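# Observations on chain architecture
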Protein chains: 2
Amino acid sequence: MPERALPYRPHNHEACVSQALADARAICRQQNARLTPIRERVLELIWQSHKPLGAYDILAMLGTEGHNAAPPTVYRALDFLLQHGLVHRIASLNAFTGCTHAGEHHRGTFLICRECGNVLELDAPDVTRAVEAAAADVAFRPEEITMEVAGRCPRCQGEPGHA
Amino acid sequence: MPERALPYRPHNHEACVSQALADARAICRQQNARLTPIRERVLELIWQSHKPLGAYDILAMLGTEGHNAAPPTVYRALDFLLQHGLVHRIASLNAFTGCTHAGEHHRGTFLICRECGNVLELDAPDVTRAVEAAAADVAFRPEEITMEVAGRCPRCQGEPGHA
DNA sequence: CCTGCAAATGTTATAATGTTGCAAACTTTG
DNA sequence: CAAAGTTTGCAACATTATAACATTTGCAGG
Ligand SMILES: [Zn+2]
Ligand SMILES: [Zn+2]
Ligand SMILES: [Zn+2]
Ligand SMILES: [Zn+2]
């Protein structure tokens, strides 16, 4: 899978989104899952945003485009996308972001810039290994790992306030 | 500081709680912070529970003991306790738990049993180091680390359903 | 003691986030 | 097509968190 541009670096984000959607379609086909219009649209909205979106942000966006959606619509779509590894939920933000390693069954580490709000998903095997080792030390069997790091992204360290 | 018993191992929990409260009083004295009755009571309730407590759980408990509290009362007490490193917020649970390393300025790793709900706070320097290294690789400056691992605790792996 | 300030708490209302339950529409399958 | 299963619409509700402003409390000077 080609490495996508880092979110806080200038890049052709439309291509980013199309690629993600294409990947998602392929993954769903492969898993015999139905990426319905709503689900796909929610995924697209999430990808189009450079920052994690709250469920109610998504709801509002659907509203402005004529789709008269209620909360369950959005949450159900999000559940589906989470289930199939297409998005992640950022617990510390109550928000959702597109998975940059969809289909790879992995545990993401998220670097969240407090200044500009951008989120970078790392695939950090060392971190995962360290967590698993620490858990093993106390005979704990990990199933799901939430790793979210709030701080400053490179761009915001020198010159704060990038959107 | 003496190591406290692991939460899911039988132990004299009252002693646990008194020790935590004594520590808290010492820390607040040292920091010139006022551990008022409400704040102390909230901390005590959190410590008395073996499992993380939601703000509204605390609210209800205060209610049953005649204290007619509203949400802001609890949230303000919790803010104070968070501020002074006496409790942690578990983002994935929207709940709060007593810090087992209060005063040590540290980044806790939380092992959350999905079966019994108990939470174990680890001081896992290896994990922290791994996270910091991964962040450094992309020039991200971490400020706060959220590490929450959901899974099965040792007791619940064999015989599920421990309270 | 009193006075005045700052910190803490009380109180009411409201915002933000997430869920339940059931009915209608759509898809798949035989 | 008919049955069964899945997805969506919809209304109500539950939970978690904050805003705004009034009141009380603790404390330092006068
Ligand atoms: Zn991912
Ligand atoms: Zn930034
Ligand atoms: Zn701690
Ligand atoms: Zn357990």
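You'll find the structure just up there.
One structure accompanies this document, and this report is about it. (Residues numbered from 1 in each chain as written. Chains lettered and ligands numbered in written order. Predicted model: local features only at pLDDT ≥ 70, side-chain atom pairs only at ≥ 80, totals over all residues. Heavy atoms only, no water.)

### Observations concerning helix 2 (residues 37-48) of chain B
Residue and element names in this part refer to chain B. Heads up, the condition is: Under the scheme used here, helices are H or I runs from DSSP no shorter than 4 residues and strands are E runs no shorter than 2 residues, and both carry numbers assigned from the N terminus. For a helix, the expected span equals 1.5 Å multiplied by the number of residues minus one. Burial classes follow relative accessibility: with a 1.4 Å probe on protein chains only, a residue under 20% of its type's maximum area counts as buried, one over 50% as exposed, and anything between as partly exposed. Every residue pair with non-hydrogen atoms within 4.5 Å of one another is taken to be in contact.
For helix 2, which comprises twelve residues, the first-to-last C-alpha distance of 16 Å matches the rise-based estimate of 16 Å (1.5 Å per residue) to within 8%. Within the span of helix 2, buried status applies to Val42, Leu43, Leu45, Ile46 and Trp47. Residues of helix 2 that are buried make contact with helix 1 (13-30), helix 3 (55-64), helix 4 (71-83), strand 1 (87-90) and strand 2 (95-98).

### Looking at the protein's contact with DNA strand D
The condition that has to hold: In these notes, residues near a molecule or strand are those with any non-hydrogen atom within 4 Å of it. In protein, a polar contact means a hydrogen-donor-capable atom and an acceptor-capable atom, both N or O and within 3.5 Å, with residues adjacent in sequence counting only if both atoms are side-chain atoms; elsewhere, any N or O pair within 3.5 Å suffices. By the convention adopted, Pro, Cys, Tyr, Trp, Phe, Met, Ile, Leu, Val and Ala count as nonpolar, Lys, Arg, Asp and Glu as charged, and the other residues, Gly among them, as polar.
Near DNA strand D lie 16 residues; those nearest to it are Thr36 and Arg76 of chain A together with Tyr56, Pro72 and Arg89 of chain B. When the atoms of DNA strand D within 4 Å of the protein are grouped by moiety, sugar and phosphate amount to 56% of the total. Arg39 of chain A is positioned with one of its side-chain polar atoms (N or O) 3.4 Å from a phosphate oxygen of DNA strand D. One of the side-chain nitrogen or oxygen atoms of Arg89 of chain B is found 2.5 Å away from a phosphate oxygen of DNA strand D. At the level of elements, helix 2 (37-48) and helix 4 (71-83) of chain A together with helix 4 of chain B are the ones that each hand at least two residues to the surface near DNA strand D. Looking at the surface near DNA strand D, its residues break down into six nonpolar, five polar and five charged.

### Quick notes on the coordination of the zinc ion (ligand 2)
To be explicit about the condition: Donor atoms are limited to N, O and S found within 2.8 Å of the metal ion, a distance that becomes 3.2 Å for Na, K and Ca. With water left out, some sites might look partial. Just to be clear on the cut-offs, tetrahedral is four donors with all angles between 85 and 135 degrees, square planar is four donors and octahedral six with opposite donors over 155 degrees apart and all others between 65 and 115, and anything else goes down as irregular.
Taken together, the protein donors to the zinc ion (ligand 2) comprise Cys113 of chain A (SG), Cys116 of chain A (SG), Cys153 of chain A (SG) and Cys156 of chain A (SG), at separations of 2.2 to 2.3 Å. Between the four donor atoms coordinating the zinc ion (ligand 2), the angles at the centre fall across 105 to 116°, so the site counts as tetrahedral.

### Quick notes on the coordination of the zinc ion (ligand 3)
All names here are of chain B. Taken together, His88 (NE2), Cys99 (SG), His106 (NE2) and Glu121 (OE) make up the protein donors of the zinc ion (ligand 3), found 1.9 to 2.2 Å from the metal. One chain supplies every donor to the zinc ion (ligand 3), and in sequence these donors are spaced H-x10-C-x6-H-x14-E. One end of the pair, Cys99, is in the loop between strand 2 and strand 3 (109-113); the other, Glu121, is in strand 4 (residues 119-122), and 22 residues separate them in sequence.

Coordinates in, geometry out; function isn't part of it.
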